[in-house]
Each structure stands twice: as C-alpha cells, then as structure tokens.
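Chains, contacts and geometry: an overview
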Amino acid sequence: MSRSAHPAGPRHADVMTEGHYTAPPADLNALDGKVWARTVTRDEGGTVTVGGIEVTRLAEEFGTPAYFLDESDFRARCRAWADAFGRDADVFYAGKAFLSRAVVRWLQEEGLNLDVCSGGELTTALDAGMPAERIAFHGNNKTVAEIERAVTVGVGRIVLDSFQEIARVAHIAQRLGKRQRVQIRVTVGVEAHTHEFIATAHEDQKFGIALAGGQAAEAVRRALTLDGLELTGIHSHIGSQIFDMAGFEVSARRVVQLLAEVRDEHGVELPEIDLGGGLGIAYTSEDDPREPHEIAKALGDIVTRECEAAGLATPRISVEPGRAIVGPTAFTLYEVGTIKPLEGLRTYVSVDGGMSDNIRTALYDAEYTVALVSRTSDAEPMLVRVVGKHCESGDIVVKDAFLPSDLAPGDLIAVPATGAYCRSMASNYNHALRPPVVAVRDGGARVIVRRETEEDLLRLDVG
Ligand SMILES: *Cc1c(COP(=O)(O)O)cnc(C)c1O
C-alpha cells in the first residue's frame, strides 16, 4: 500500500496511515464483541459495564490505569479448551501470558494444567496449590536451582531445550534419587506469525533442538540412555498469534516422523506429543480467531492421520494456549490527560499509563483498538494515536484508532484484549507504579494483583 498519499486531516472519513488503510467504524460507540471480554456491554443509555459493573464506578474505586479482567470469560475459555480437547488430551495454560494466585486457582477449578518457565512462576503455581504433577517446566536456560526445585517438588514434566540440559536434568534427578518425566523440545523448521507461516531450512533461534541434521534424533538417543530421565514425548511450539493451521500441520507431520524414526531405531513408541501454543486472538475487528473446538479437531485429525500413515498408535496430545485464554478477557482502563492535535497528521491522546503497562505495541508493533467508555458521543471521528506518559517517543499504546473529536481530559478510554503479555511484561520504567489487576464477576470486583505503591519502589532501593 502506498505511503505517498498525504494523510488526511483528523476529521476526514478515510485515511492512509503508515501502510494501513483505516476507515473509522460506522459507530464509535459500538463495542465489537470480538475484541471485548464477553460481559462487556454498552447499554441503551450508553453506560459501559463489565461483569455487571459500570466502568466509571470501577475507575472511582480502583483508579486508573488498571486492568479489568472478566473472570467468567476466563473460566468459560478454560472450559471451552478443556471440553474441546477432551479426556484424551491435555491443555496447559501458558502462565507467562498472565499469572497470579487467583488465576492458578481458576485453572485448577476448570481442569487445566499449567506451563511455567521460571522459578517465580513455579513458586506462584505451587503457592496457590497447583499440584506439581499438573505443571510443565519450560525455558531455554533453566538454572540449576530451578531444575533442582522442579525435580524435588515433582513437576509433571520438564521440557528439555538443549543437549546441556538433557545431561543437567538427568544428573540432578539421579542425584536426588528421582526419575524425571521429560519431553524434548524440537524446532521443526516452521515459523508461524499471524496469517502466514514460513518453512525454513535452518533454525536461527534460541529455542529447541533442530530436527534438521539429525540433532533431535541424537537428543532422543541420549535421553533414552540416561537413568534420571523418563522421556515421554516430543514438544514443538512454532510461534504466536497464529490463525493459519497450516504451520501446525507441517509441525505435527515432522514431529510424528521423528516418533516413527525413534520407534524404528529404539523400538520405543513415545506416548506424548505437545504442539505448543500460539493460537491467535482478535486484537482488532479484522482478526478472525478460531474456536477451541475447531483447533482441537484440526490438530487431532492431523496427528491421527500422520500416525496412521506411519503405523503408530496416536500419542496423547497436549497444547499450551496462553494468549487465547487470557488475552481477550481483560481491558486496560486509562484516563485521558492531554490532547494534542497535529494539523494534517493526527491527534495525540496521552493517557496515565503507557509502555510500562503495555509494551507490546513498542516491542512487536502490535495493533490495538480503543474506545471512549465513560460516556457516549455523537461527535465526528478523529484519527488518534494513544500514547503514554513515558520519556520515549515510541511510548505508543494504540498506533492508529478513531475516537470522537469531542474527547476531553478526564474522559476514560479503554483498550481491549490486554489480558495477555501486558501485566506480565509490565515494567517500572520512569518508576511507574504497575497497575492492579481487578477481577470482575457477577456484579462483584476484587483486586487480584494490587497496584504498586511508591513504598514498593523504595523498599527495593536499599542503597
Ligand atoms: C509462549 C509459549 C506458549 C504460549 O503462547 P501463546 O501465544 O500465549 O499461546 C506456549 N508454549 C510455549 C513453549 C511458549 O513459549
């Protein structure tokens, strides 16, 4: 798309914005159910509620910026994944997307397992009572202390990411008198992003052991000989925010091929295959994510077909959705502070948060939408860029969106689909205080992660 067209003025109906052709939505007051948590609605009188509570009331009680998480939506999504995959498969929620003790309890109640990738995540999981056997431990450089802890508490699986780690975990397990269940993470030569996937011959990334060149087969060979390890399967995770199942298809085929090679060489049929996470969600109205039952069916069909072709019994499948469960369940509520119209370009709307509570726009060029939620407006749409209060010009929350042109300081605006990788990646840049996460359900709201205070900041500063 051409960049040469001069961007139209903020009131213009259609604008060309840095490669995106963006038209204002027909009705700025409408909240697209695709990108908002399930119980978010705007009633006839224009009042926006979540879990039956008015957002203006939530702002008064909990302040801004804050993340509001729709607990019933979170639970419904957990159940949808668990039901879709059924008894013959396991769903592991990827804790890195967002983890807290309340989340761990919800996962347990809804029958999900949990992926962790650090000692801190493991501590949170155990502290909230997740049984160790329902936890999988990930990471490309787990420390010796982390491995010792994971083996000691008896996590259900450790996903091995390198040759050093195969030896390290085996050694630690043996020393502790244990046999640790493990999977080997392989890189299948497929990388998936959003609507496309790329099959690459070479693996230029830090995770996993390449299938190419027989590396993964060698890893299996070693793991099978070590007493401290019980190798149960092969793991593959191909990317994130994926809509196209073709990448999973190639990945499953290659993993099953390895299982067949392992059977031929060692006479062992590994009983598990993990296809990772990465399923996409709707950040904007343009995204069309798949439902868990479609994903389960597609993955199940692929694995069954490939195993039949290879003469293997179908292994137990597991998946690891993070974003697809928590992402759509939360929005970030901000208060508008300043409004700066740049003639012929766009209007900069500054909010009371920014890259410290949502780094994804700066980090990945992520796209978001935004809506005025403290009132309705019939004013003309204006093209805005929602920015934070940090000392970086790249401190952008929403790159291109439309808000009503009568927007004023003190208005509350909300950015949907911020449940995943926002609070979990939040920082204290500029000594910002990280916002709270408030769970809302059936007319009740409670803080599950409290807002940081200046005392919290000073407590760490011991110089
Ligand atoms: C990040 C990650 C996930 C979760 O990814 P989502 O995009 O949040 O679904 C699952 N498995 C592994 C190994 C990961 O690294």
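As a reminder, the structure under discussion sits directly above these lines.
Residues numbered from 1 in each chain as written. Predicted model: local features only at pLDDT ≥ 70, side-chain atom pairs only at ≥ 80, totals over all residues. Heavy atoms only, no water.

Attention shifts here to the overall build of the protein chain. When its secondary structure is counted, the protein chain shows twelve helices and 26 strands. Its C-alpha atoms give the protein chain a radius of gyration of 24 Å, within 12% of the compact-globule value 23 Å for 463 residues. Overall, the protein chain is about 70 × 50 × 45 Å in size when its C-alpha atoms are taken along their principal axes. The burial tally for the protein chain puts 54% of its 463 residues in the buried class. For the protein chain, the share of sequence-separated contacts (at least 6 apart) that also reach a separation of at least 24 residues comes to 70%. Entry remark: accessible area of the protein chain is about 19900 Å², with carbon and sulfur atoms responsible for 48%. Separation of charge centres in the protein chain, based on 48 positive and 68 negative side chains, amounts to 4 Å. (Helix = DSSP H or I, 4+ residues; strand = E, 2+ residues; numbered from the N terminus. Rg over C-alpha atoms; globule rule 2.2 N^0.38 Å. Buried < 20%, exposed > 50% of the residue type's maximum accessible area, 1.4 Å probe, protein only. Contact = heavy atoms within 4.5 Å. Areas by Shrake-Rupley, 256 points an atom, 1.4 Å probe, with all protein chains shown as cover. Lys, Arg positive; Asp, Glu negative; His and termini not counted. Charge placed at Lys NZ, Arg CZ, Asp CG, Glu CD.)

This brings us to the sheet that holds strand β5 (residues 53-54). Spatially, β3-β4-β5 is the arrangement adopted by the three strands of the open sheet, whose pairing is antiparallel. Because the sheet does not close on itself, it has two edges, and the strands there are β3 (41-42) and β5. Where strand β4 (residues 48-50) lies against β5, two bridges are found, and the strand directions are antiparallel. Within β5, the position partnered with V50 by the bridge is I53. (Pairing = 2+ DSSP bridges.)

Further remarks concern the environment of I172. Among the structural elements, I172 can be located in helix α6 (residues 163-175). Assessed through its relative accessible area of 2%, I172 is described here as buried. Note: C-alpha distance between I172 and Q241 (69 residues apart in sequence) is 35 Å. The residues touching I172, leaving out its near neighbours within four places in the chain, are V144, I147 and E148.

Now for unusual backbone geometry. In this structure, P65 follows T64 across a cis peptide bond, with omega equal to -10°. Inspection of the secondary structure assignment puts P65 in the loop between α1 (55-62) and β6 (66-70). You will see that A417, though not glycine, has its phi angle at about 65°, which is positive. Mapped onto the secondary structure, A417 falls in the loop between β24 (412-416) and β25 (437-441).

Attention now moves to the pattern of salt bridges. Any two side chains of opposite charge can pair, so long as their charged atoms come close to each other. This structure, assessed with the given rule, holds 33 salt bridges. For the salt bridge of E110 with R75, the shortest nitrogen-to-oxygen distance reads 2.9 Å. Within this pair, whereas E110 is found in the loop between α3 (101-109) and β8 (113-116), its partner R75 is found in helix α2 (residues 71-85), the two being separated by 35 residues in sequence. Taking the relative accessible area as the measure of exposure, E110 reaches 14% and is therefore buried. The salt bridge involving D274 is made with R157; its shortest N-O contact spans 3.0 Å. Placement of D274 in strand β17 (residues 272-274) and of R157 in strand β10 (residues 157-160) is noted, with a sequence separation of 117 residues between them. Each member of the pair, D274 together with R157, is buried. Salt bridges here are not isolated pairs; linked through shared partners, they connect E71, R75, R79, E109, E110, R441 and D442. (Salt bridge = Lys/Arg side-chain N within 4 Å of Asp/Glu carboxyl O.)

This part takes up the nonpolar core. Judged by nonpolar contacts, the single largest core of 112 residues is most densely connected at F74, Y93, I184 and I413. No other element matches helix α8 (residues 246-266), which puts nine residues into this core. When residues of this core are assigned to domains, at least three fall in each of domain 1 (15-70 + 328-460) and domain 2 (138-321). Membership of the second largest hydrophobic core comes to 23 residues, among which are V50, F62, A66 and F68. (Core = buried A, V, L, I, M, F, W, Y, C linked by side-chain atoms within 4.5 Å. Domains from an automatic or database assignment.)

Moving on: the site of the ligand. Around the ligand sit 14 residues, and of these K96, G278, E320, R323 and Y421 come closest. In this structure, an oxygen atom belonging to the ligand sits 3.0 Å away from a main-chain N or O atom of G322. Coverage of the ligand by the protein amounts to 91% of the 380 Å² it exposes when considered alone. Class assignment for the residues of the shell around the ligand results in three nonpolar, seven polar and four charged. (Near = heavy atom within 4 Å. Polar contact = N/O pair within 3.5 Å; in protein donor to acceptor, adjacent residues only side chain to side chain. Nonpolar A, V, L, I, M, F, W, Y, C, P; charged D, E, K, R; others polar.)

The next subject is the packing of α2 against α3. When two helices pack together, their arrangement is captured by the angle between the axes and the distance separating the axes. Where α2 contacts α3, the axes come no closer than 9 Å and their chain directions differ by 40°. Classified by the angle their axes make, α2 and α3 are oblique. Every pair of crossing elements has a handedness; the one defined by α2 and α3 is right-handed. Note on element contacts: α3 touches α2 through V103, W106, L107 and E109, opposite E71, F74, R75 and C78. A breakdown of the residues in the contact of α2 with α3 according to their chemical character gives five nonpolar, no polar and three charged. (Axes fitted to C-alpha atoms, helices over the stretch in contact; angles between N-to-C directions. Parallel < 35°, antiparallel > 145°, perpendicular 65-115°, else oblique. Left-handed = near helix turned anticlockwise from the far one by under 90°.)

Attention now goes to helix α9 (residues 292-310). In this model, α9 (19 residues) spans 27 Å end to end at C-alpha, consistent with the 27 Å of a helix rising 1.5 Å per residue. Listed as buried for α9 are P292, I295, A296, A298, L299, G300, I302, V303, E306 and C307. Those residues of α9 hidden inside the fold are in contact with α2, α8, β17 and β18 (316-319). Positive phi shows up at G311, right after α9, with a value of about 70°. (Expected span 1.5 Å × (residues − 1).)

For the rest of this paragraph, the subject is the side chain of R185. Following the sequence through the fold, R185 ends up in strand β11 (residues 180-187). For R185, which is buried and forms no salt bridge, the nearest opposite charge comes from D161, at a distance of 4.2 Å. Among all residues touching R185, those that are not within four sequence positions of it are V159, L160, D161, F207, G208, I209, H235 and H237.

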